[in-house]
Amino acid sequence: MKLYKTLKGVFLRSESSVYKLNQQWDEVVNRDGLYNYLSAQTKTAEKIIGDDWQTDLLPPIANQEVWAAGVTYLQSRDARVEESQTSGGSDLYKRVYDAERPEIFFKSAPQRVVGHGQDVAIRKDSTWNVPEPELTLFINSKGSIQGYTIGNDMSSRSIEGENALYLPQAKTYDKSAAIGPCLYVIDSPISQDTMISIVIKRSDKALYEGTTALSRMKRSLDELAGFLFRELTFPSGCYLMTGTCLVPPNDFTLQPGDVVEISIDGIGTLTNTVAYN
Ligand code: DO4
Ligand code: MG
């Protein structure tokens with residue numbers, strides 16, 4: 001089951017049909033048993049014919065903050081150890097990978113988030129910029145994972161590598177977080193065999209491609225959600241990006257006009273073009 005937010009409202013797509021839900025986003029998503037609720041909606045909601053509902057797609061978000069976990073895969077740890085050699089920060093990444101407590105940081109307020117088909121941004125004061133493809137959890141206000149989406153944790157590696165204390169500037173700026181195209185709701189936890197892939201294109205040519213399996217993550221999804229909710233409340237639920245495993249080579253940096261396509265099994269593809277703010 002997939003939930004979409006558009007300028008015309010909230011739409012539910014089942015295997016066979018599309019339905020319009022006459023409720024606001026937060027009211028639909030923030031509940032226990034979201035899958036069962038949506039299944040029930042397919043019996044009563046208005047069925048939509050045609051594809052017009054898909055125009056004016058918005059990110060699947062209303063009052064949810066976006067948070068992110070980091071250094072959850074070995075590849076991310078190794079890339080950051082290398083990038084922070086000269087700043088003396090390398091040890092931090094080794095330690096956090098092994099520690100009981102994960103790295104979790106605030107990524108974006110909802111109004112800064114972009115969706116499928118919209119531009120993501122690179123900072124003008126950064127020389128090394130990458131996308132980070134991440135399975136992203138939707139967690140309801142009670143702390144229960146109710147759905148999944150695709151996230152792009154756009155990052156400045158030059159700013160992060162200069163000093164680990166610059167992390168908020170490397171990670172949080174207008175249009176640095178993309179999620180979408182939908183909220184994917186299933187009746188059991190997402191499979192560990194789920195594949196995550198990325199293609200970065202310049203002038204229609206693939207410059208970098210990578211694929212990984214969710215099973216390579218060091219931590220469990222419940223563990224990450226549990227740490228986030230330890231001392232924080234989210235009245236409308238929240239999103240949590242779960243970290244990247246796919247890191248382009250060190251000589252690669254994004255340029256305006258590049259197109260980033262991130263695909264996750266079951267959810268679909270999130271496509272964004274890179275631009276300056
Ligand atoms: O500590 C740096 C950020 C890590 C991150 O965003 C990731 O591993 O995905
Ligand atoms: Mg990340």
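Residues numbered from 1 in each chain as written. Chains lettered and ligands numbered in written order. Predicted model: local features only at pLDDT ≥ 70, side-chain atom pairs only at ≥ 80, totals over all residues. Heavy atoms only, no water.

**Quick look at the side chain of Arg-219**
Stated precisely, the cut-off is as follows: Strands are runs of DSSP state E lasting at least two residues, helices are runs of H or I lasting at least four, and both sets are numbered from the N terminus onward. Working definition: with a 1.4 Å probe on protein chains only, accessible area under 20% of the residue-type maximum means buried, over 50% means exposed, and in between means partly exposed. In protein, a polar contact requires one atom able to donate a hydrogen and another able to accept it; more generally it is a pair of N or O atoms within 3.5 Å, and residues adjacent in sequence count only if both atoms are side-chain atoms. Contacts are assigned to residue pairs with any non-hydrogen atoms lying within 4.5 Å of each other.
Looking at the element boundaries, Arg-219 is found in the loop between strand S16 (205-213) and helix H7 (221-228). Residue class for Arg-219 comes out buried when judged on its relative accessible area of 6%. Of the polar contacts made by the side chain of Arg-219, one reaches the backbone oxygen of Glu-100; its length is 2.9 Å. There is a polar contact of 3.0 Å between the side chain of Arg-219 and the side chain of Glu-223. Dropping the residues within four chain positions of it, Arg-219 is found in contact with Thr-72, Val-96, Tyr-97, Ala-99, Glu-100, Arg-101, Pro-102 and Leu-224.

**Thoughts on the domain arrangement of the protein chain**
What counts, and what does not: Domain extents, as shown, originate in an automatic or database domain assignment. Accessible area that two parts lose when put together, with a 1.4 Å probe and added across both, is what the buried area reports.
With domains assigned, the protein chain is organised as domain 1 (2-58) and domain 2 (65-275). Centre-to-centre separation of domain 1 and domain 2, based on C-alpha positions: 26 Å. Taken together, the contact between domain 1 and domain 2 spans 14 residues of the former and 20 residues of the latter. Taking both partners together, domain 1 and domain 2 bury about 1400 Å²; carbon and sulfur atoms supply 56% of that area. Among the residues of domain 1 in contact with domain 2, Lys-2, Asn-30 and Tyr-35 are the three that bury the most area, contributing 37% of the side total.

**Here's the deal with the coordination of the magnesium ion (ligand 2)**
Threshold: Only N, O and S atoms count as donors, using a 2.8 Å limit from the metal and a wider 3.2 Å limit for Na, K and Ca, and since water is excluded some coordination spheres may look unfilled.
Within the protein, the magnesium ion (ligand 2) binds to Glu-132 (OE), Glu-134 (OE) and Asp-153 (OD); these donor distances fall in the range 2.0 to 2.1 Å. In the primary sequence, the donor residues of the magnesium ion (ligand 2) line up as E-x1-E-x18-D. Of this pair, Glu-132 sits in the loop between strand S10 (129-130) and strand S11 (133-139) while Asp-153 sits in strand S12 (residues 145-153); the two residues are 21 residues apart in sequence, bridging distant segments of the chain. For Glu-132, a relative accessible area of 4% puts it in the buried group.

**Focus: the pattern of salt bridges**
Rules: Salt bridges are defined as contacts in which a side-chain nitrogen from Lys or Arg sits within 4 Å of a carboxyl oxygen from Asp or Glu.
Inspection of the entire model under this criterion finds 14 salt bridges. One salt bridge in this structure joins Arg-80 and Glu-132, with 2.6 Å as the shortest N-O distance. Taken together, the residues span a long stretch of sequence, with Arg-80 in helix H3 (residues 74-83) and Glu-132 in the loop between S10 and S11 at a distance of 52 residues. Of the residues examined, Arg-80 reaches a relative accessible area of 6% and is grouped as buried. Here Glu-160 makes a salt bridge to Arg-80, at a shortest N to O gap of 2.7 Å. Taken together, the positions of Glu-160 in helix H5 (residues 157-162) and Arg-80 in helix H3 put the pair 80 residues apart, joining distant regions of the chain. Residue class for Glu-160 comes out buried when judged on its relative accessible area of 1%. In this structure, a network of salt bridges that share partners links the residues Arg-80, Lys-107, Glu-132, Asp-153, Glu-160 and Lys-171.

**Side note on the site of ligand 1**
Condition: If a single non-hydrogen atom of a residue is within 4 Å of a molecule or strand, that residue counts as near it. Surface accessibility in these figures is a Shrake-Rupley result with a 1.4 Å probe; residues are shielded only by whichever protein chains are displayed. Each residue is assigned to one class: nonpolar for Ala, Val, Leu, Ile, Met, Phe, Trp, Tyr, Cys and Pro, charged for Asp, Glu, Lys and Arg, and polar for all the others, Gly among them.
For ligand 1, the set of nearby residues contains 15 residues, the closest of which are Val-71, Ser-76, Glu-103, Lys-171 and Thr-244. Between ligand 1 and Val-71, the relevant distance is 2.8 Å, taken from an oxygen atom to a main-chain nitrogen or oxygen of the residue. Contact distances for ligand 1 include 2.9 Å between an oxygen atom and a backbone N or O atom of Thr-244. Relative to its free-state accessible area of 280 Å², ligand 1 is covered by the protein chains to the extent of 99%. Elements with a minimum of two residues in the shell around ligand 1: H3, strand S7 (103-108) and helix H6 (167-171). Residues belonging to the shell around ligand 1 are distributed by class as follows: four nonpolar, four polar and seven charged.

**Quick word on the nonpolar core**
Convention followed: Throughout, nonpolar core names a set of buried Ala, Val, Leu, Ile, Met, Phe, Trp, Tyr and Cys residues whose side chains join them through atoms within 4.5 Å.
If you look at the biggest cluster of nonpolar residues, it comprises 49 residues, and the most contacted ones within it are Leu-135, Ile-139, Tyr-148 and Leu-221. Tallying contributions element by element places H7 first for this core, with four residues. Both domains that meet at this core, namely domain 1 (2-58) and domain 2 (65-275), each give it at least three residues. For Leu-135, the contacting residues outside a window of four places in its chain are Tyr-148, Thr-149, Ile-190, Ile-196, Leu-214, Leu-221, Leu-240, Met-241, Thr-242, Ile-264 and Ile-267. Within the second largest apolar cluster, 26 residues are counted, among which are Val-10, Val-66, Phe-105 and Leu-183.

**So, helix H4 (residues 90-98)**
Operational definition: In this context, the arc is that of the directions from the helix axis out to the C-beta atoms.
Of the positions making up H4, those classed as buried are Ser-90, Tyr-93, Val-96 and Tyr-97. Projected down its long axis, H4 carries its buried residues within an arc of 140°, all on one side. Residues Arg-95 and Asp-98 are exposed on H4 and point more than 90 degrees away from its buried face. Here the buried face of H4 lies against H3, S7 and H5.

**Observations concerning the environment of Ser-87**
Tracing the sequence through the fold places Ser-87 in the loop between H3 and H4. In this structure Ser-87 comes out as partly exposed when scored by relative accessible area, which is 32%. Once the C-alpha coordinates of Ser-87 and Ala-225 are considered, the two residues, 138 residues apart in sequence, prove to be 31 Å apart. Leaving out residues up to four positions away in the same chain, Ser-87 has contacts with Gly-161, Glu-162 and Asn-163.

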